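Tertiary structure, described
Listed here are the chains, written in short residue letters.
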Amino acid sequence: EKMNEQLWDAIKTLTPLAPRFVSVTYGAGGSTRERTHGTVARIQRETPLNAAAHLTCVEATKEEIAEVANDYWNAGVRHIVALRGDPPEAGKAYAGHPGGYENAAALVAGLRALHPFEISVAAYPECHPEASSRQADIEYLKRKIDAGADRAITQFFFSADNYFRFRDRV
């Protein structure tokens, strides 16, 4: 309850700043997926902000992801942050769900086939930890864009110089 109050206080603070969108994530392995859906739908319904819902491939079939995406669409949410997602168990290698999307590029293509969502994907200025090289990481980012993503976003980076070099390479 206290965290919910903090969230809505933050939303009230952000609203006058008119950000292009606010994104809402959920817990590891989709553990708070339903609560996230309610929060995103409420932001979209009750504020002038555009809510962007995180959606991952983790532990979900294509049909389950389509159901979640359709629920977002029906709630007026038009922006999805499409991510592969972290392994549900820390320290274990990622494994796609049988019948699910194998990666974020496939998820983007699947979402694009459902509705004309605005789709953001993740970019890694300091290289994704599982990438074999910086060049391979950029090539994979291109695959996500080619699959239909509208933009790439990053949560953080530790060095502005690394970010600017990444931007120039991309």
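The rules behind these values
Residues numbered from 1 in each chain as written. Predicted model: local features only at pLDDT ≥ 70, side-chain atom pairs only at ≥ 80, totals over all residues. Heavy atoms only, no water. Core = buried A, V, L, I, M, F, W, Y, C linked by side-chain atoms within 4.5 Å. Buried < 20%, exposed > 50% of the residue type's maximum accessible area, 1.4 Å probe, protein only. Helix = DSSP H or I, 4+ residues; strand = E, 2+ residues; numbered from the N terminus. Contact = heavy atoms within 4.5 Å. Disulfide = S-S within 2.5 Å.

A few points about the nonpolar core
- I43, I80, L111 and I119 are the most contacted members of the largest nonpolar core, which totals 35 residues.
- The biggest single contributor to this core is helix α3 (residues 62–74), with five residues.
- Non-local contacts of L111, meaning those with residues more than four positions away in its chain, are made with L55, A69, I80, A82, F117 and I119.

Points about the state of the cysteines
- Summed over the entire model, instances satisfying the criterion amount to zero disulfides.
- Looking at the unpaired C57, the closest cysteine sulfur is the one in C127, lying at 19 Å.
- Of the residues examined, C57 reaches a relative accessible area of 0% and is grouped as buried.

Describing the environment of Y94
- When you line up the elements, Y94 lands in the loop between β3 (79–83) and α4 (104–114).
- Y94 sits 31 residues away from E63 along the chain, and the two C-alpha atoms are 20 Å apart.
- When residues no more than four places from it in sequence are discounted, the contact partners of Y94 are C57, V58, R84, G85, D86, P87, Y101 and E102.

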